Amino acid sequence: RVMTGCINNSLKKLCIGGHAGSGNKALKQLPSTLGNLKSLEILCLDKCKALESLPPSICNLTNLRELQMRECKEVRELPPLIGNLQKLVEVSFSKCIKLSKLPPSIGNWQSVEDLILNKCKGLTELPDSICNLTSLCLLDVRACKMLTSLPHQIGNLSSLKILDLRTCKRLERLPPSLGQLLKLEYLDISDCVDLVIPSSLEKLKDIAIGWDDGKVE
């Protein structure tokens, strides 16, 4: 019913739920007609706590610049073709606790600058294709407690300035390619209890929070 009143092909911003308030605890599905909002630039679904999935038609929103889905706690996966949203600049799946993986197509998000995945407690891995995001400046995966590794070619993220890995308690090793991130200004590896740091990354020590010489090998 909420969506029915909002359908307008010229709509640029659509918010359901809301980050500041209690959100929407009833909405489980979005209608396929969402994909008709071809002018939409901002979609905010924060705290749609009962939402189970996104309709495949969301992949038709090719003008979308922001996708905010904080605390969509029942979403387990994303549409396979979500990478079609190539104008995205800011994406947040913060606290989507049942989200277990990201589809490989996100490698097409060439304009994404901020990708927020903090407290996605079910996330076990990042797709290798994430390394194609050459505009990415911020990657936040803090407190992704099931995450065991990072893609080997993460050093291809040539614009990355901030990498937040704190409290990724199962993260086992930093890829040596991190040393290729010449624009990296901030690296947080605090409370990564099982982490091994390759000796080739010692040059990152000055920008790292939580560095422990005892973990270098």
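Reference entry: report on the structure contained in this document.

Calculation rules
- Residues numbered from 1 in each chain as written.
- Predicted model: local features only at pLDDT ≥ 70, side-chain atom pairs only at ≥ 80, totals over all residues.
- Heavy atoms only, no water.
- Helix = DSSP H or I, 4+ residues; strand = E, 2+ residues; numbered from the N terminus.
- Rg over C-alpha atoms; globule rule 2.2 N^0.38 Å.
- Polar contact = N/O pair within 3.5 Å; in protein donor to acceptor, adjacent residues only side chain to side chain.
- Pairing = 2+ DSSP bridges.
- Patch = residues over 30% accessible without salt bridge, like charges linked within 9 Å, V, L, I, M, F, W, Y side chains within 5 Å.
- Areas by Shrake-Rupley, 256 points an atom, 1.4 Å probe, with all protein chains shown as cover.
- Salt bridge = Lys/Arg side-chain N within 4 Å of Asp/Glu carboxyl O.
- Lys, Arg positive; Asp, Glu negative; His and termini not counted.
- Charge placed at Lys NZ, Arg CZ, Asp CG, Glu CD.
- Buried < 20%, exposed > 50% of the residue type's maximum accessible area, 1.4 Å probe, protein only.
- Contact = heavy atoms within 4.5 Å.

**Concerning the overall build of the protein chain**
A count of helices and strands for the protein chain gives zero helices and nine strands. Going residue by residue from the N terminus, the α and β elements of the protein chain occur as β-β-β-β-β-β-β-β-β. For 217 residues, the compact-globule estimate of 2.2 N^0.38 gives 17 Å, and the protein chain sits close to it at 18 Å. In terms of overall dimensions, the protein chain has a C-alpha envelope of 60 × 30 × 25 Å along the principal axes.

**Observations concerning the side chain of Ser177**
Among the structural elements, Ser177 can be located in the loop between strand 7 (162–164) and strand 8 (186–188). One polar contact links the side chain of Ser177 to the main-chain amide nitrogen of Gly155, over a distance of 3.0 Å.

**Concerning the sheet that holds strand 3 (residues 66–68)**
Read from one edge of the open sheet, nine strands run 1-2-3-4-5-6-7-8-9, paired in parallel fashion. For this open sheet the edge positions go to strand 1 (13–15) and strand 9 (208–209), each flanked by a neighbour on one side alone. Examined bridge by bridge, strand 8 and strand 9 share two bridges and lie parallel to one another. Across the sheet, Asp188 pairs through a bridge with Ile209, a residue of strand 9.

**Points about a positive patch on the surface**
A cluster of basic residues, Lys95, Lys119, Lys121 and Lys145, forms a positive patch on the protein surface. Turning to its location among the elements, Lys95 is positioned in the loop between strand 4 (90–92) and strand 5 (114–116).

**Side note on the pattern of salt bridges**
Using the criterion set out here, one finds 11 salt bridges in the structure. Its salt-bridge partner being Lys73, residue Glu71 comes within 4.0 Å of it at the nearest N-O pair. Judged by its relative accessible area of 11%, Glu71 falls in the buried class. Salt-bridge contacts for Arg142 lead to Asp140; the nearest nitrogen and oxygen are separated by 2.8 Å.

**Digging into unusual backbone geometry**
One non-glycine residue with positive phi stands out, namely Lys95, at about 65°. Even without being glycine, Asp191 reaches a positive phi, approximately 60°. Along the chain, Asp191 turns up in the loop between strand 8 and strand 9. A relative accessible area of 37% places Asp191 in the partly exposed class.

**Considerations on the environment of Ile42**
Inspection of the secondary structure puts Ile42 in strand 2 (residues 42–44). Measuring from C-alpha to C-alpha, the distance between Ile42 and Pro79 comes to 18 Å, with 37 residues separating the pair along the chain. Once you skip the residues sitting within four places of it in the chain, Ile42 turns out to touch Lys12, Lys13, Leu14, Leu64 and Glu66.

**Observations concerning the side chain of Asn24**
Considering the arrangement of structural elements, one finds Asn24 in the loop between strand 1 and strand 2. In terms of polar contacts, Asn24 uses its side chain to reach the backbone amide nitrogen of Leu27, at 2.9 Å. The residues touching Asn24, leaving out its near neighbours within four places in the chain, are Ile16, Gly17, Lys47, Cys48, Lys49 and Ala50.

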